[in-house]
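The chain contents come next:
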Amino acid sequence: MVSRRKRANAVGQTPSNPESSSTNSALTDRVSYAILLASICGLAFFLHLVNVLQTLEVPTLIELLGDARGYFNWAILISDGDWYGSETFYQAPLYPYFLAVLMTVFGPSITLIRVVQMLLGVAGVALIGLSGRKLFSKNVGLVSALMLAVYPPAIYYDGIIQKASLATFLLCVLVTACVYLQSEVRRRYAILAGVSLGLLVLTRENSLLWTPLIPAWILFGIDETKRQRWTLIGCFVCGLALIVVPIAARNASLGGEWSPTTFQAGPNFYIGNNLQASGIYVPLVAGHETPMHERADAQRLAEQEVGRELSSREVSQFWMSLAWEETRQAPGRWLQLMVAKTFMVFNRYEVPDVESMYVFRDYSFPLQLSRIWHFGILCPLGIWGLIATRGDWRRLWLHYLLLLSMIAAVVLFFILGRYRNPVAVLFVPFAAAGAVDLYRRLREQQWRSIGAAAVVLALSAILCNITVYEEQSLQASSYMNMGIAASKAGDLPTGIRLLKKAIAEFPEMAEGYVNLGRAYMMNRQPGRAAQCFQNALILDPRLVGVHLQLGEAFELSGMQPQAIEQYQRALAVDPTDSRALEALNRLR
């Protein structure tokens, strides 16, 4: 016995323990994965930070415009004490309340908000890495995290004052909760899925479509006893109700109608589907792109048509019904529009709202990566990933439904880059799986399957990268908005330079000449302003208010007869124009 022990100790030092060895191996694997994932998160942090620092002087981040200004002003009202509000929610409320909390703690600092959003973006990278590993493999998880860490649109949306950053983070939380629920079947993950979806609904309203999908997936897609599955559904519903029921009750207390989210669906559906719709955002009233005007215009126009006061729900129903009525008038055109919007969703181009990633990359090195890494590359990889992992469809069908329903939600309304961003996030794990699969096939020299993959990638890349937008016009509008912001902030030289760049980008843009003329007037250059206003009227004689501004420019230039003529034209368009009347009385 002694000799045997000595022999065993001499060979292995200690008797082997398979369970201990397996545990140590798993622990080592987790630690190594955590280190690699942390390194990718460090890269994400670096790129986000560089982007924030390099875009500090971007005019639209100094003087906010559009939705950004609306969210910021709303957040200031909330932080000043108006936490309950006085009207039903027209826009998704979570982001303004998120900003209000930050303002209450740290003050109204745009830079600080961007830093917090940057940290949410880095957290999203970690979450997508964890979910990619659980869903597919360690390599897929790391590639998923890397893809999102260096994805320029994600960096861009995290760096502007828009709800896309918060929505992306909450989407990553939801996906991770569902992946962990599937693999570990714990109640806390069901509750987390419900809470995160509830918060997402209050940030991105179209995610309301997902509320029946997750319970159906739990019921039919998780391999547990019937009682356990219904328990998980109950946990999910409780988590969801914890968030949306108080909002519905609050809306009911202010508007008399229960709604778990906002009353904006009708106007938005009309904007995306009316007879003149192009697939991108156009306000109900030209020049009224801000939240302050959007709600008032939707209410006023609907009440004028109906002839009585309408509740928020009735306003939404009016615009929804009007959209369907116009769709029935020209069903063929509507189908063409749906096809066009489907191509738009899958296109490489990030459709700008007020601000454009392509203008911001003039300032930011990380955004320069968009020249080589964009949705037009991500989407083909994602399509191949969907094909390569089709054998696991029973385990992945929830993710198919989340992706397809989000694509449908975007197509049914209108296309903006930040609205399409959730589609990109949902594609990331599949794109990573596709990239890992291609690498494996290349390493194993599976030339026939590589040929099939090449065909799929080439065809999808062509479809994703064709030009479907008037990109010059959209780019010019973004430069114009930059110029307007700079001028409002008092930096007239920069404003004039950016407005000139907008016109150079798209010379047919009458609105660009109008705003350049206003900047020249602010800069006490009425002669140049008059030339701009004249150019604007040549391009679009229907422009409202330009005759008045041209008259003022002529008057300041000492050209009295020409000024009188323009004031008279202004009054012919609007006899109640007090400024034109006052000017004529002054000059006569």
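Residues numbered from 1 in each chain as written. Predicted model: local features only at pLDDT ≥ 70, side-chain atom pairs only at ≥ 80, totals over all residues. Heavy atoms only, no water.

Colleague: Even after reading the chapter, I still don't get the overall build of the protein chain, so can you show me in this structure?
Modeller: Within the protein chain, the regular secondary structure consists of 29 helices and zero strands. For the protein chain, the C-alpha atoms occupy an extent of roughly 125 × 50 × 50 Å along the three principal directions. Counting only residues that meet the buried cut, the protein chain has 53% of its 588 residues in that class. Contacts in the protein chain between residues at least 24 apart in sequence constitute 71% of all its contacts with a sequence separation of at least 6. Side chains of the protein chain carry 50 positive and 43 negative charges; the gap between the two charge centres is 14 Å. (Helix = DSSP H or I, 4+ residues; strand = E, 2+ residues; numbered from the N terminus. Buried < 20%, exposed > 50% of the residue type's maximum accessible area, 1.4 Å probe, protein only. Contact = heavy atoms within 4.5 Å. Lys, Arg positive; Asp, Glu negative; His and termini not counted. Charge placed at Lys NZ, Arg CZ, Asp CG, Glu CD.)

Colleague: Even after reading the chapter, I still don't get helix α5 (residues 94–106), so can you show me in this structure?
Modeller: Owing to its 3.6 residues per turn, the α-helix brings residues three or four apart onto one side. Taking 1.5 Å of rise per residue, 13 residues should cover 18 Å, and α5 covers 18 Å from first to last C-alpha, within 8% of that figure. If you check which residues of α5 are buried, you get L94, Y95, P96, Y97, F98, L99, A100, L102 and M103. Tucked inside the fold, the buried residues of α5 contact α4 (66–79), α6 (110–135), α9 (164–184) and α10 (187–201). G107 sits one or two residues past α5 and shows a positive phi near 95°. (Expected span 1.5 Å × (residues − 1).)

Colleague: It is not clear to me how the packing of helix α13 (residues 265–273) against helix α15 (residues 312–329) should be interpreted in this structure. Could you clarify?
Modeller: Angle between the axes and distance between the axes: these two values describe a pair of packed helices. Here α13 crosses α15 at 25°, and the two axes come no closer than 6 Å. Of the possible angle classes, the one that applies to α13 and α15 is roughly parallel. Helix-helix and strand crossings are classified by hand; for α13 and α15 the assignment is left-handed. Between α13 and α15, the residues in contact are A265, G266, P267, F269, Y270 and N273 and S316, W319, M320, L322, A323, W324, E326 and T327, respectively. The class makeup of the residues in the contact of α13 with α15 is nine nonpolar, four polar and one charged. (Axes fitted to C-alpha atoms, helices over the stretch in contact; angles between N-to-C directions. Parallel < 35°, antiparallel > 145°, perpendicular 65-115°, else oblique. Left-handed = near helix turned anticlockwise from the far one by under 90°. Nonpolar A, V, L, I, M, F, W, Y, C, P; charged D, E, K, R; others polar.)

Colleague: I tried to follow a nonpolar patch on the surface on my own but got confused; where do I start?
Modeller: Together, V339, F343, I462, L463 and I466 line one region of the surface with nonpolar side chains, adding up to about 430 Å² of accessible area. Contributions of two or more residues to the nonpolar patch are made by α16 (331–345) and α22 (447–465). Its location among the elements puts V339 in helix α16. A relative accessible area of 46% means that V339 is categorised as partly exposed. (Patch = residues over 30% accessible without salt bridge, like charges linked within 9 Å, V, L, I, M, F, W, Y side chains within 5 Å. Areas by Shrake-Rupley, 256 points an atom, 1.4 Å probe, with all protein chains shown as cover. Salt bridge = Lys/Arg side-chain N within 4 Å of Asp/Glu carboxyl O.)

Colleague: Would you explain the side chain of E326 in this entry?
Modeller: Structurally, E326 can be placed in helix α15. It turns out E326 is buried and unbridged, and the closest side chain with the opposite charge, R333, is 7.6 Å from it. A polar contact of 3.0 Å, which involves the side chain of E326, links it to the side chain of Y270. Setting aside anything within four residues of it in sequence, one finds E326 in contact with Y270, N274 and L275. (Polar contact = N/O pair within 3.5 Å; in protein donor to acceptor, adjacent residues only side chain to side chain.)

Colleague: I would appreciate a short explanation of the packing of aromatic side chains in the present structure.
Modeller: A ring pair, where both rings are aromatic, is described by two values, the distance of the centres and the angle of the planes. Under the definition given, this model contains 21 aromatic pairs. Taking the centre distance of 5.8 Å and the plane angle of 70° together, the rings of F136 and F430 count as edge-to-face. With F136 in the loop between α6 and α7 (138–149) and F430 in helix α21 (residues 417–443), this pair connects stretches of sequence that are 294 residues apart. When the ring of Y156 is compared with that of Y157, the centres are 5.0 Å apart and the planes differ by 55°; the resulting orientation is tilted. We note that Y156, like Y157, is buried. Pairwise contacts between aromatic rings join W74, W83, F89 and Y97 into one cluster. Over the aromatic face of Y189 sits the side chain of R188, whose NZ or CZ is 5.2 Å from the ring centroid. (Phe/Tyr/Trp six-rings, centres within 6.5 Å; stacked < 30°, edge-to-face > 60°. Lys NZ or Arg CZ within 6 Å of the ring centre and 35° of its normal.)

Colleague: Sorry, what's going on with the state of the cysteines here?
Modeller: As used here, a disulfide is simply a covalent bond connecting the sulfur atoms of two cysteines. Inspection of every chain in the model, using the stated rule, returns zero disulfides. Distance from the sulfur of C41, which forms no disulfide, to the nearest cysteine sulfur (C172) is 11 Å. With no disulfide partner, C464 has as its closest neighbouring cysteine sulfur the one in C379, 3.7 Å distant. A relative accessible area of 2% places C464 in the buried class. (Disulfide = S-S within 2.5 Å.)

Colleague: Explain unusual backbone geometry to me, please; I cannot follow it from the model alone.
Modeller: Across residues other than glycine, the phi torsion is negative in most instances, and most of the peptide bonds are trans. The residue V185 is not glycine, and still its phi comes out positive at about 50°. Among the structural elements, V185 can be located in the loop between α9 and α10. By relative accessible area, V185 is classed as buried at 17%.

Colleague: Is there a simple way to explain the environment of R588 in this structure?
Modeller: Inspection of the secondary structure puts R588 in the segment after α29 (578–587). The class for R588 is exposed, based on a relative accessible area of 64%.

Colleague: Explain the confidence of the model for the protein chain to me, please; I cannot follow it from the model alone.
Modeller: Of the residues in the protein chain, 95% reach a pLDDT of 70 or more, and the chain-wide mean stands at 91. Low pLDDT, under 50, characterises residues 1–15; the predicted model gives this stretch one contact beyond four residues in sequence or across chains. (pLDDT = per-residue confidence, 0-100.)

Colleague: What is the right way to look at the pattern of salt bridges in this model?
Modeller: Pairing between side chains of opposite charge can happen when the charged atoms of each approach one another. If you walk through the whole model with that rule in mind, you get 20 salt bridges. The shortest N-O distance in the salt bridge between E350 and R420 comes to 2.8 Å. With a gap of 70 residues between them, E350 in the loop between α16 and α17 (357–360) and R420 in helix α21 connect regions that are remote in the sequence. Overall, the relative accessible area of 3% leaves E350 in the buried class. Within this structure, D437, R440, R441 and E444 form a network of salt bridges that share partners.

Colleague: When you look at the nonpolar core in this model, what are you seeing that I'm missing?
Modeller: Nonpolar side chains tend toward joint burial in soluble globular proteins. Counting 169 residues, the largest nonpolar core has W210, I214, I218 and L378 as its most contacted members. It is α9 that provides the largest number of residues to this core, a total of 15 residues. If sequence neighbours within four positions are ignored, L378 has contacts with Y151, W373, A424, F427, V428 and A431. Of all hydrophobic cores here, the second largest spans 10 residues; its members include F269, A298, A302 and V315. (Core = buried A, V, L, I, M, F, W, Y, C linked by side-chain atoms within 4.5 Å.)

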